[in-house]
Amino acid sequence: MKSFGKRNYDLNYSKRTGAYAVIQNDHRQFLCVEDMDGNLFLVGGGIEEKESPDLALLRESIEETGHEIQIGEVIGKAERHWVSEKYPKDSQHNIGILYVCELLEKVAEPVEKEKMRWVEFNYLEKHLFHEHHLYLIKQYLNIAYLI
């Protein structure tokens, strides 16, 4: 598994495994969640105890977008270690499992209030928060990843 960043052993350790959707429209734009700071995140999130990655992704999609999704192939798995400004006492460890997905019908109003937006790859590349997610997307699109 490709790894980004290093664990800070002086801080509390916080590990989270999540399932994330790579959803593209007919214009090859990517569906993302945008936070208040302009950072982009893929649709998806943490896998709860006793929850499969597939079920977590289905749940997160409805919470974030209000839409059901069709989960396709697994793109891959990668991890990132970092210290968040929001949680400066925790050494964050995110393991991301990415899936190719298709957006289906809207079945509910989103619970989460972050803005959803379709973005071109060039914009995604500059603003996607998790570099390990970008790495997997590039692998999926067969784009050379330069470090």
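Here the structure is a predicted model, which is why all the values come from computation and not from measurement.

Cut-offs used in this document
- Residues numbered from 1 in each chain as written.
- Predicted model: local features only at pLDDT ≥ 70, side-chain atom pairs only at ≥ 80, totals over all residues.
- Heavy atoms only, no water.
- Helix = DSSP H or I, 4+ residues; strand = E, 2+ residues; numbered from the N terminus.
- Rg over C-alpha atoms; globule rule 2.2 N^0.38 Å.
- Buried < 20%, exposed > 50% of the residue type's maximum accessible area, 1.4 Å probe, protein only.
- Contact = heavy atoms within 4.5 Å.
- Lys, Arg positive; Asp, Glu negative; His and termini not counted.
- Charge placed at Lys NZ, Arg CZ, Asp CG, Glu CD.

Re the overall build of the protein
(1) Moving on: Broken down by element type, the protein carries three helices and seven strands.
(2) Moving on: Secondary structure of the protein in N-to-C order comes out as β-β-β-β-α-β-β-β-α-α.
(3) Moving on: Since a compact globule built from 147 residues should have a radius of gyration of about 15 Å, the 15 Å found for the protein is in line with a globular shape.
(4) Moving on: Here the C-alpha coordinates of the protein stretch approximately 45 × 35 × 30 Å along the principal axes.
(5) Moving on: The 147 residues of the protein split such that 42% are buried.
(6) Moving on: Nonlocal contacts in the protein, meaning residues at least 24 apart in sequence, comprise 71% of its contacts between residues at least 6 apart.
(7) Moving on: When the 18 positive and 25 negative side-chain charges of the protein are each reduced to one mean point, those points stand 6 Å apart.

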